[in-house]
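Structural characterization, general
One letter stands for each residue in the lines below.
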Amino acid sequence: MKPRSAHVFDRFHFSSLGTYFLCGLMLISCSGEQGNWTAVQQEGEYIYGVWQSATAKKAEQLILAVRENIKNSSGSDEEFSTTDGVLQTTVSPESLLPSNGELLGWVQSRAPSTYEGKKLYRDRPTSPALYYAYGFERQAEVEYQAPQFGSKPLILLEIFDMGTPENAFGIYNFYTYPRMKFEWVGAKAMLSGGYLRFAKGKYFVQIEGYEFATGIREGMIALAKAIAAEIKDPPPAPHMLTLLPTDKKIHGSTKLFRSNWALRQIYSTLPANVPQLTDAAIGISAYYQNNPDAKDWMNAQVVFIIRFPDTATAETAYTHYRDAVMKEAGTSGAILINEDSAP
């Protein structure tokens, strides 16, 4: 559906907020003031904005908050509180698999196996596309059993080397969802649907329980704690996350994406046109609501920030995006450009 009205504002002054935008801002609405608003800004190496806002005013307020955070930001987006920027734990995933005797009552039911490069899951019907989208390098896995539950495997442990902490953070947060409960295992872990998942350092850990039972759940948590203790790095926390506004952000909704494919997997209701990420770009996003306790978070606003390698690349991506939006608007809506209202 083409928007009923579309507005592209360059160097536009929002008098209600008393703030001047020195770069281009686009506001696109499907149905007037109350609708499905998008606001987008490009500044330096960043393209940032808001999707699916109920009103233009709310979108403006959030985008201004992001702009202020960017202006006040300092430091690299790849700061992970490591010693001199070097990862403290760089061992292979298979060396992190707890061996027999390390966990009371749990032993390996078969020899560990590994996948590397483009061979991940090649011998099973599981798609590896998500892992490749987040920079997968190597995986190790093994099953565990416990005598008290019989002689059959009950837990599958997988450890993925994702290359960087931000990649591990991204694939872990792909699985999280707003307001979910977390288990502390030496890192924040999600325990949901028979799976326990967490990220620490450059590693993403996934533990699957084949049956639902308290003892199996406890075994999964014990495995997670043993692995987390061996990874000396802190849980990943990209510096870029500090650019997201904290007010009204929904707990557990933060995402990181490195491709448009991953972005579309995260959000199924995005506008037809979104900024196109280059190979070196990285994006973060989160849900925002005026009432953080409201249950309908699926209809909340999405704030996104995409960092490109340099200003020129960001400007090119923004120009292509703006042109695509204007073309989509066609003759069904007005294009308003106002460059004279700012000094």
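Structure's up top.
Heads up: these notes are all about the structure in this document.

**Re the overall build of the protein**
When helices and strands are tallied, the protein shows six helices and 17 strands. Here the protein holds 343 residues, and the buried ones make up 48% of them. Across the protein, every contact between residues at least 6 apart in sequence was considered, and the portion connecting residues at least 24 apart equals 66%. Approximately 15,600 Å² of the protein is accessible, and the part contributed by carbon and sulfur atoms is 51%.

**Description of the environment of tyrosine 288**
Along the polypeptide, tyrosine 288 turns up in strand β16 (residues 282-288). With relative accessibility at 1%, the residue tyrosine 288 sits in the buried group. Along the primary structure tyrosine 288 and glutamine 301 are separated by 13 residues, whereas in three dimensions their C-alpha atoms are 5.1 Å apart.

**Re the pattern of salt bridges**
One pass over the full model with this rule turns up 12 salt bridges. Between glutamate 43 and arginine 67 there is a salt bridge whose closest N-O contact spans 3.1 Å. Taken together, the residues glutamate 43 in strand β5 (residues 37-43) and arginine 67 in helix α1 (residues 56-72) connect sequence positions 24 residues apart. Under the relative-accessibility criterion, glutamate 43 is labelled buried at 18%.

**Description of the packing of aromatic side chains**
The way to describe two aromatic rings as a pair is by their centre distance and the angle between their planes. Evaluation of the coordinates by the stated rule reveals 11 aromatic pairs. When the ring of phenylalanine 174 is compared with that of tyrosine 175, the centres are 5.5 Å apart and the planes differ by 85°; the resulting orientation is edge-to-face. Here phenylalanine 174 falls in the partly exposed class, since its relative accessible area comes to 23%. The rings of Tyr115, Tyr121, Tyr131, Tyr132, Phe136, Phe160, Phe174, Tyr175 and Phe204 are connected pair by pair, giving a single aromatic cluster. Between lysine 188 and the ring centre of phenylalanine 182, over which it is positioned, the NZ or CZ distance is 4.8 Å. Above the face of the tyrosine 195 ring, arginine 197 is positioned so that its terminal group lies 4.3 Å from the ring centre.

**Here we look at the pairing of β16**
Burial runs high along β16: seven of the seven residues are buried. As paired elements, strand β15 (residues 255-257) and β16 share three bridges and run antiparallel to each other. If you follow leucine 256 over to β16, its bridge partner there is isoleucine 284. Pairing between β16 and strand β17 (residues 301-307): seven bridges, direction antiparallel. Residue pairing in the sheet places isoleucine 284 in a bridge with isoleucine 305 of β17.

**A word on α1**
Over its 17 residues, α1 runs 25 Å from end to end, which matches the ideal 24 Å to within 8%, given 1.5 Å per residue. Buried residues of α1: Ala56, Ala59, Glu60, Leu62, Ile63, Leu64, Val66, Arg67 and Ile70, and no others.

**Things to note about helix α4 (residues 214-230)**
Between its terminal C-alpha atoms α4 stretches 25 Å, which fits the 24 Å expected from 17 residues at 1.5 Å a residue. Residues of α4 that are buried: Ile216, Gly219, Met220, Ile221, Leu223, Ala224, Ile227 and Ala228.

**With respect to the layout of surface pockets**
In this structure, the largest pocket occupies an estimated 390 Å³ of space. Lining the largest pocket are 18 residues; nearest its centre among them are Phe169, Tyr172, Asn173, Lys188 and Thr254. With three residues, the single largest contributor to the lining of the largest pocket is helix α3 (residues 165-175). In terms of residue class, the lining of the largest pocket is built from 10 nonpolar, six polar and two charged.

**Re the environment of lysine 225**
Looking at the secondary structure, you find lysine 225 in helix α4. Taking the C-alpha atoms as reference, lysine 225 lies 6.2 Å from glycine 186; in sequence the two are 39 residues apart. When neighbours within four sequence positions are excluded, lysine 225 is seen to be in contact with Trp184 and Val185.

**Regarding the nonpolar core**
Judged by nonpolar contacts, the single largest core of 61 residues is most densely connected at Trp51, Tyr131, Tyr134, Phe160, Met162, Phe257 and Ile305. Ignoring sequence-local partners within four residues, the contact set of methionine 162 consists of Tyr131, Tyr134, Gly135, Phe136, Asn167, Ala168, Ile171, Lys202 and Phe204. Leu97, Ala140, Ile159 and Ile221 belong to the second-largest nonpolar core, a separate cluster that totals 28 residues.

**What about the side chain of aspartate 161?**
Here aspartate 161 shows up in strand β10 (residues 155-161). Among the polar contacts listed, one links the side chain of aspartate 161 to the backbone nitrogen of glycine 163, at a separation of 2.9 Å. In contact with aspartate 161, not counting residues within four places along its chain, are Pro93, Phe136, Glu137, Arg138, Lys202 and Tyr203.

Cut-offs applied
- Residues numbered from 1 in each chain as written.
- Predicted model: local features only at pLDDT ≥ 70, side-chain atom pairs only at ≥ 80, totals over all residues.
- Heavy atoms only, no water.
- Helix = DSSP H or I, 4+ residues; strand = E, 2+ residues; numbered from the N terminus.
- Buried < 20%, exposed > 50% of the residue type's maximum accessible area, 1.4 Å probe, protein only.
- Contact = heavy atoms within 4.5 Å.
- Areas by Shrake-Rupley, 256 points an atom, 1.4 Å probe, with all protein chains shown as cover.
- Salt bridge = Lys/Arg side-chain N within 4 Å of Asp/Glu carboxyl O.
- Phe/Tyr/Trp six-rings, centres within 6.5 Å; stacked < 30°, edge-to-face > 60°.
- Lys NZ or Arg CZ within 6 Å of the ring centre and 35° of its normal.
- Pairing = 2+ DSSP bridges.
- Expected span 1.5 Å × (residues − 1).
- 1 Å grid on protein atoms, 1.4 Å probe; cavity = no way out; pocket = protein on both sides within 12 Å on 5 of 7 lines; lining within 4 Å.
- Points joined across faces, edges and corners; volume = space filled by probe spheres on them.
- Nonpolar A, V, L, I, M, F, W, Y, C, P; charged D, E, K, R; others polar.
- Core = buried A, V, L, I, M, F, W, Y, C linked by side-chain atoms within 4.5 Å.
- Polar contact = N/O pair within 3.5 Å; in protein donor to acceptor, adjacent residues only side chain to side chain.

None of the figures reported here should be taken as evidence of function without further support.
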